[in-house]
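# Architecture at a glance
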Amino acid sequence: MKNLPWKKIALGTGLMGIALAGIFYFASSPGKKPIIVLINPAFGEYISSYTAGVLPSASPLRYSVLA
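A brief look at the structure comes next.

## Some thoughts on the overall build of the protein
Within the protein, the regular secondary structure consists of 2 helices and 0 strands. In the protein, buried positions account for 0% of the 67 residues. Summing over all exposed atoms, the protein offers an accessible surface of approximately 7,200 Å²; the carbon and sulfur share of this is 71%.

## Focus: the packing of aromatic side chains
What the rule picks out here adds up to 1 aromatic pair. For the ring pair Tyr25 and Phe26, a centre distance of 5.1 Å and an interplane angle of 75° mean the geometry is edge-to-face. Accessibility assignment for this pair places Tyr25 and Phe26 in one class, exposed.

## A few points about a nonpolar patch on the surface
On the surface, Ile35, Val37, Ile39, Phe43, Tyr46 and Ile47 cluster together into a nonpolar patch covering about 720 Å² of accessible area. With respect to the helices and strands, Phe43 occurs in helix H2 (residues 41-50).

Rules used throughout
Residue positions within a chain follow its written sequence, with the count starting from 1. Where totals are concerned, whole chains, interfaces and linings use all residues; where local detail is concerned, this predicted model gives features only for residues with pLDDT of at least 70, and gives and counts side-chain atom pairs only at 80 or more. Hydrogens and water molecules were not included; the side-chain quantities draw on all heavy atoms of the structure. Numbering of helices and strands runs from the N terminus, with a helix taken as a DSSP run of H or I at least four residues long and a strand as a DSSP run of E at least two residues long. Per-residue accessibility, obtained with a 1.4 Å probe over protein chains only, is compared with the maximum for each type, and a residue is labelled buried under 20%, exposed over 50%, and partly exposed between these values. Here the open area of atoms and residues is found with the Shrake-Rupley method and a 1.4 Å probe, where only the protein chains shown may cover a residue. Here is the rule: rings of Phe, Tyr and Trp (six-membered ring for Trp) pair when centre to centre is within 6.5 Å. Planes less than 30 degrees apart are stacked, more than 60 are edge-to-face, and the remainder are tilted. Within this analysis, patches are made of residues with over 30% relative accessible area and no salt bridge. Like charges are joined at 9 Å or less; nonpolar side chains (Val, Leu, Ile, Met, Phe, Trp, Tyr) at 5 Å or less. Any Lys or Arg side-chain nitrogen found within 4 Å of a carboxyl oxygen on Asp or Glu counts as a salt bridge.

In C-alpha cells form, the structure reads like this:
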C-alpha cells in the first residue's frame, strides 16, 4: 500500500505524456488537402441549352420569396 501514490503519479504522468504527444502531432500536421471539385462540362452545355433564350449566360441569378 505504500507504493500506491507512486503508481498514480506514474500513471498520470504517462497519460499526460500521451495527451501532449497527441496534441503536438495534430498541431504540427500540415492539415487537410483542399477539396477539388470537378464539374462535368456536359452539364454546363445541358443547362445552357435548357435555359437558352430565357436567361442570358452573363446575368446573375436572383430569387425572391413571396410572403
